[in-house]
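Next come the chains, spelled out residue by residue.
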Amino acid sequence: MTNPPWADVRDAFESLVDENPQAARKQLEALRREAPEVAAEVEALLGHHEQVGAFLDQPPAISTEEDILVAGTLLGVYRIEREIGFGGMGRVYLATDTRLGRPVALKMVRGDLAERPSLRARLRSEAQLAASISHPGICSVHALEEIGDTLFLVTEYVEGETLRAVIKRGTFSADALASTARELASALEAAHRKGITHRDLKPENIMRTTEGRLKILDFGLARAERAGESAAPAMTLPGTVVGTIAYMAPEQLEGRPVDARTDLFALGIILYECATGRHPFSAPTALATSARILETEPTWIAELRPDLPRGLASAIVRCLAKSPGERFQSAAALLTAVDSQSTPAVAAAMSGVGWWRLHQIVVIGLYIVAATAAWNIKEWDATRPTRWAFLAVGVIVAIAGITRAHLLFTERAYTHRLPDERRRTGAILRGADVVTAVLLFLDALAIAEGRPVAAVLIMALAVGVAVATLLIEPSTSAAAFER
Amino acid sequence: MTRPDPPAPAELADQVYAELKRLAAGYLRREMPGQTLQATALVHEAYLRLADATPVWQDRNHFVAIAARSMRQILVDRARARGAAKRWAGLDRVSLHESLHAAADVDDMLPALDEALTRLEQIDPEHARIVELRFFAGLTVEEAAAALGMSPATLKRRWSLARAWLHRELTRPEGARL
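Just so it is clear, the model here is predicted, and its values are computed rather than measured. (Residues numbered from 1 in each chain as written. Chains lettered and ligands numbered in written order. Predicted model: local features only at pLDDT ≥ 70, side-chain atom pairs only at ≥ 80, totals over all residues. Heavy atoms only, no water.)

## Section: the overall build of chain B
Of the regular secondary structure elements, chain B holds nine helices and one strand. For chain B, the proportion of its 178 residues judged to be buried stands at 49%. Put simply, of all contacts in chain B between residues at least 6 apart along the chain, 66% involve residues at least 24 apart. (Helix = DSSP H or I, 4+ residues; strand = E, 2+ residues; numbered from the N terminus. Buried < 20%, exposed > 50% of the residue type's maximum accessible area, 1.4 Å probe, protein only. Contact = heavy atoms within 4.5 Å.)

This is the structure in structure tokens:
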């Protein structure tokens, strides 16, 4: 359809708009006969004129937030692409470093904060520290820039979603939880080794990249951020205060000195949330939450997640100890605990402890075969010695088998008592195995003439039992326990 | 004593734009968040400052026309940076109709309004100017009429047409635009 001439439409509309309805209808009828297209257009516009209501009545108001940088704005060598978030210090933008052609995140420092020399100095020293950490699990800080009166931090741009978003989708499998613990602990360890603590670790500060890696944001900036929040309380929504308190360790809440172990407490809360989908100290208000952090023990994680490896569950509980002295003393210690005890099934079979367990189970199997063989010899050659040999072998393998089963159970349930138990039972087991091997070997001689094939197999079994106890067991034990 | 040469028109526009932007940023930094500021106040303050500094601005009407244009640019850019266009596109037709009348959603509407206004500009630049003055700079009918040198009654009729035309553009189903 072609548009009717604008000048005609305009003139007709403007002459009709102030007329009373009847006169307007009459004039419109006349126009319809003369120029139907113009009349239709004018009628449509008059219809909209009646519906217009408050449309465009009020000029747009400018909300008094910080000035927003528009896409395409150049700040030094950085070209703003879009706003990606809002932090304690101000807006966060995605920008392009035009020199290197790479994406970066710009964390702007609000004008009123940038004007405070103490905060500027602190930010500078903390940014310097943060820039010295280089770890794939930590978002790198590239620079602190000052352009005109604009102060901002340039960091690596991490594409992905926050751990909070991941937690909201559902609880983690045991394997995913263990690898989350491992990734975060090794990132923390890298920073702690340089003497840098995070102090504000929470799921909102951890990103899962599109490749599935975890990256901790804002390392070492917590103090500057907090100063920003307290300077402009109105900037913080009611929920955010709770959010910040919710990951504070007891020593932080009480204003006592904080260190690396403070981050481990926050990590414990985060892992607990990943495992169960709920905060271990959640309460309706900030005050109640802090009281719980200080006084209440969380619901035992193994009750909520019985499928978790015991080691992993107790590592999380240990992170949540009220007193820093009772927690792991370093992220490295946590890492070791997670690695040695929570290893998922496939990996466990390959680890030292896995081999040791397998050895115990195989030897118990050999015991059953040995007892069966002795029974058969007694059946085939019903003489006094073979009967006695069967009885002896039966009693000895029963004792040794139960002892080995006891060790397996101890290893699973009371790991710390295992060294004692192994020392106590080591000689008994070795003696029992050697005696069994010798008895079985001699026993087999009795049927060597009548059933040579069976005799050779049983002798081989005897040799196998001896080799298992004298040669193989020392090495599997060493692999499992002497590191 | 020689008077400095009056700046070229393009330079004037840049100067107004920069001053308005600077003023907005200054206000925003000082004031508490959550409050709002009318565009009109900003334009008036910019005029007072620039009129003092540059004698050429003593023609207030000339200034206002340029300022209105700058305000349009600043406000639309701001709304775009906040992702307004995306939110706007996500609205279905019923809520779109409601949003046109609800002051709270003005920001979301701005990019779409800007596009429609550009189309109006091609058909009738004068009507587009009126929208800039009345809506983006927040001038009253009388002020806008004075700025454009026409009678308030004429301005009012043209404003009605521009408003009806834009209303139709913004409520038009997606894809039906020419």
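## Here we look at the environment of His192(A)
Residue and element names in this part refer to chain A. Topologically, His192 is positioned in helix α7 (residues 174–193). Each C-alpha atom of the pair His192 and Arg261 lies 9.5 Å from the other, and the pair is 69 residues apart in sequence. Once you skip the residues sitting within four places of it in the chain, His192 turns out to touch Thr197, Ala260, Asp263 and Ala331.

## Some remarks on the packing of helix α7 (residues 125–136) of chain B against helix α8 (residues 141–148) of chain B
All names here are of chain B. Direction vectors running N to C along α7 and α8 enclose 135 degrees, while the axes themselves pass 9 Å from each other. Here α8 runs oblique to α7, going by the angle between their axes. Handedness of the α7/α8 crossing: right-handed. Residue-level inspection shows Arg129, Ile130, Leu133 and Arg134 of α7 in contact with α8, the latter providing Val141, Ala144, Ala147 and Leu148. Considering only residue class, the contact of α7 with α8 consists of six nonpolar, no polar and two charged. (Axes fitted to C-alpha atoms, helices over the stretch in contact; angles between N-to-C directions. Parallel < 35°, antiparallel > 145°, perpendicular 65-115°, else oblique. Left-handed = near helix turned anticlockwise from the far one by under 90°. Nonpolar A, V, L, I, M, F, W, Y, C, P; charged D, E, K, R; others polar.)

## Observations concerning the confidence of the model for chain A
Residue and element names in this part refer to chain A. Of all residues in chain A, 88% have pLDDT values of 70 or greater, and the mean over the chain is 83. Across chain A, element-level confidence peaks in helix α11 (residues 260–276) with a mean pLDDT of 95 and bottoms out in helix α16 (residues 345–350) with 41. Under a pLDDT of 50 for its full length, residues 228–243 has, in the predicted model, 18 contacts with residues more than four places off or in other chains. The low-confidence segment residues 342–350, where pLDDT is below 50, has 14 contacts with residues more than four positions distant or belonging to other chains. (pLDDT = per-residue confidence, 0-100.)

## Things to note about the pairing of strand β6 (residues 141–147) of chain A
All names here are of chain A. Pairing between β6 and strand β7 (residues 150–156): six bridges, direction antiparallel. The partner of Val141 across the bridge, within β7, is Thr155. Hairpin connection between β6 and β7: a loop of two residues separates the two successive antiparallel strands, and Gly148 in this loop has a positive phi of roughly 60 degrees. (Pairing = 2+ DSSP bridges.)

## Things to note about the sheet that holds strand β10 (residues 214–216) of chain A
All names here are of chain A. Taken in spatial order, the three strands make up an open sheet running β8-β9-β10, and their pairing is antiparallel. Each end of this open sheet is capped by a strand with a single partner; those strands are β8 (160–162) and β10. Along the sheet, successive strands turn relative to each other by an average axial angle of 30 degrees, direction set aside. By the bridge criterion, three bridges tie strand β9 (residues 206–209) to β10 in an arrangement that is antiparallel. Opposite Met207, over in β10, you have Lys215 as the bridge partner. Relative to the sheet, α7 contacts β9 and β10, its axis offset from that of β10 by approximately 35 degrees.

## Here's the deal with the packing of aromatic side chains
Considering all chains together, one arrives at four aromatic pairs over all chains under this definition. With centroids separated by 5.0 Å and ring planes inclined at 75 degrees, the aromatic side chains of Phe135(B) and Phe136(B) adopt a geometry described as edge-to-face. Owing to a relative accessible area of 0%, Phe136(B) belongs among the buried residues under this scheme. We note Arg318(A) situated over the ring of Phe328(A); from NZ or CZ to the ring centre the distance is 4.4 Å. (Phe/Tyr/Trp six-rings, centres within 6.5 Å; stacked < 30°, edge-to-face > 60°. Lys NZ or Arg CZ within 6 Å of the ring centre and 35° of its normal.)

## Examining the nonpolar core
By size, the foremost hydrophobic cluster in this structure holds 60 residues, and its most contacted members are Val42(A), Leu56(A), Leu20(B), Leu113(B), Phe135(B), Phe136(B) and Leu166(B). For this core, the element with the most residues is helix α3 (residues 60–81) of chain B, which contributes ten residues. Ile138(A), Ile269(A), Ala275(A) and Cys319(A) belong to the second-largest nonpolar core, a separate cluster that totals 50 residues. (Core = buried A, V, L, I, M, F, W, Y, C linked by side-chain atoms within 4.5 Å.)

## Examining unusual backbone geometry
All names here are of chain A. Not every positive phi belongs to a glycine, and Arg199 is a case in point at roughly 75 degrees. You can see Arg199 is positioned in the loop between α7 and β9. Given the relative accessible area of 26%, Arg199 is considered partly exposed.

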